[in-house]
Amino acid sequence: MSDMKLVVVGAGGRMGRTLVRIISETAGVAVHAAIEREGSPLIGEDAGALAGIGEIGVPLTTDPLAAVVGAEGILDFTSPASTIEFAELAAQARIVHVIGTTGCSTDDDAKIDAAARHATVVKSGNMSVGVNLLAVLVERAARTLGPDFDIEILEMHHRHKVDAPSGTALLLGEAAARGRDIKLDDYAVRSRDGYTGPRPQGAIGFATLRGGSVVGEHTVYLAGAGERLELRHVAEDRVQFAKGAVRAALWARGRKPGRYDMADVLGLKD
């Protein structure tokens, strides 16, 4: 089978450059096109040269429609508005759309679901194998320990991250909620300030830290009377996110349209 032709969105950014590099190192995939935003000073630059792997003959462009012609998949770690645009293009082209974008609203997710009627969509708050395995452990722990254990999720990212809580924190919160057979939105506490009163029974709390160059750190606390369990993941490099995204694209190739996540890709729902 020929290499899967992938479009990298935001190819001039930190994550985009990492994706280009990982694609070049992975058998069975190739960079088909590289997209950047209008007005970027990097337009016309070679995607491989920017990624530090040497020229690959793929210049950065602002034309998404031309980029998807002949492509088999889109790798997208951008913004909700951009992701919706590419979801529509993926649906029109009936190709794979791997989404690592976080901060999507309920309306955004509805549009992605609509696109998934024609595109094969893999969307996750985190593409790494470790985090998705952590989510399975969190769900199991929440189910086993029950409501007598309070759940708090602490996350820290670099100063440039624009959404909070992180997509990964929400992924872990959803896992905890599934373990308790509840809806996260009904029990999530995202901020505390002033006189808050006692902690609500069954709450799933979130705390957010931002600073420096932290790639991503997440700790799930399950605190009971006299004992505490801490489940933690530390991301030291963006490489694992890129590897997960490429793995997701290859997994999705040839599958029927629909909405999938990394737990599907990794077989964690079996």
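Just so it is clear, the structure is predicted and the values come from calculations on it, not from any experiment. (Residues numbered from 1 in each chain as written. Predicted model: local features only at pLDDT ≥ 70, side-chain atom pairs only at ≥ 80, totals over all residues. Heavy atoms only, no water.)

Let us look at the sheet that holds strand β10 (residues 216–224). Spatially, the five strands line up as an open sheet ordered β8-β9-β7-β10-β11, and their pairing is mixed. Looking at which strands have only one partner, the edges of the open sheet turn out to be β8 (188–189) and β11 (227–235). The pairing of strand β7 (residues 150–157) with β10 spans seven bridges and is classified as antiparallel. Its bridge partner being in β10, M156 is matched across the sheet by E217. (Pairing = 2+ DSSP bridges. Helix = DSSP H or I, 4+ residues; strand = E, 2+ residues; numbered from the N terminus.)

So, on to the sheet that holds strand β3 (residues 60–61). One open sheet holds the seven strands; their spatial order is β3-β2-β1-β4-β5-β6-β12, and the pairing between them is parallel. In the strand order of this sheet, the two ends are held by β3 and β12 (258–260), each with one partner. Here four bridges tie strand β1 (residues 4–9) to strand β4 (residues 73–76), and the two strands are oriented parallel to one another. Opposite V8, over in β4, you have L75 as the bridge partner. Strands β1, β2 (29–35) and β4 of the sheet are contacted by helix α1 (residues 14–25), whose axis makes an angle of about 165° with β1. (Contact = heavy atoms within 4.5 Å. Axes fitted to C-alpha atoms, helices over the stretch in contact; angles between N-to-C directions.)

If you look at the biggest cluster of nonpolar residues, it comprises 38 residues, and the most contacted ones within it are L19, I23, L75, V98 and V122. Put simply, the parts of the chain that give this core at least two residues each are β1, α1, β2, α2 (47–51), β5 (96–99), α9 (239–252) and α10 (262–266). Those residues in contact with V98 that sit more than four places away from it in its chain are I74, L75, D76, V122, M127, A245, A248 and A249. The next biggest cluster of nonpolar side chains, apart from the first, holds 21 residues, and it includes A175, A176, A177 and L184. (Core = buried A, V, L, I, M, F, W, Y, C linked by side-chain atoms within 4.5 Å. Buried < 20%, exposed > 50% of the residue type's maximum accessible area, 1.4 Å probe, protein only.)

It is worth spelling out α9 at this point. Spanning 14 residues, α9 covers 20 Å between terminal C-alpha atoms, matching the ideal 20 Å at 1.5 Å per step. The buried fraction of α9 is high, at 10 of 14 residues. Among all positions in α9, only V239, F241, A242, G244, A245, V246, A248, A249, W251 and A252 are buried. Following α9 by one or two positions, G254 has its phi on the positive side, about 85°. (Expected span 1.5 Å × (residues − 1).)

Turning next to unusual backbone geometry. The peptide bond linking A164 to P165 adopts the cis configuration, its omega dihedral lying at -10°. As for its position among the elements, P165 is in the loop between β7 and α7 (167–180). The residue R94 is not glycine, and still its phi comes out positive at about 55°. Looking at where R94 falls in the secondary structure, it is placed in the loop between α4 (80–93) and β5. Overall, R94 belongs to the exposed group, its relative accessible area being 57%. Positive phi, close to 60°, is recorded for D181, a residue that is not glycine.

The next subject is the packing of α1 against α9. Think of two packed helices as two axes; the pair is described by the angle between the axes and how far apart they sit. At a minimum axis separation of 9 Å, α1 and α9 run at an interaxial angle of 60°. In terms of their interaxial angle, α1 and α9 are classed as oblique. The way α1 lies across α9 gives a crossing that is right-handed. Residues M15, T18, L19, R21, I22 and I23 of α1 touch α9, and the partners they reach there are V239, F241, A242, K243, A245 and V246. Along the lines of polarity and charge, the residues of the contact of α1 with α9 split into nine nonpolar, one polar and two charged. (Parallel < 35°, antiparallel > 145°, perpendicular 65-115°, else oblique. Left-handed = near helix turned anticlockwise from the far one by under 90°. Nonpolar A, V, L, I, M, F, W, Y, C, P; charged D, E, K, R; others polar.)

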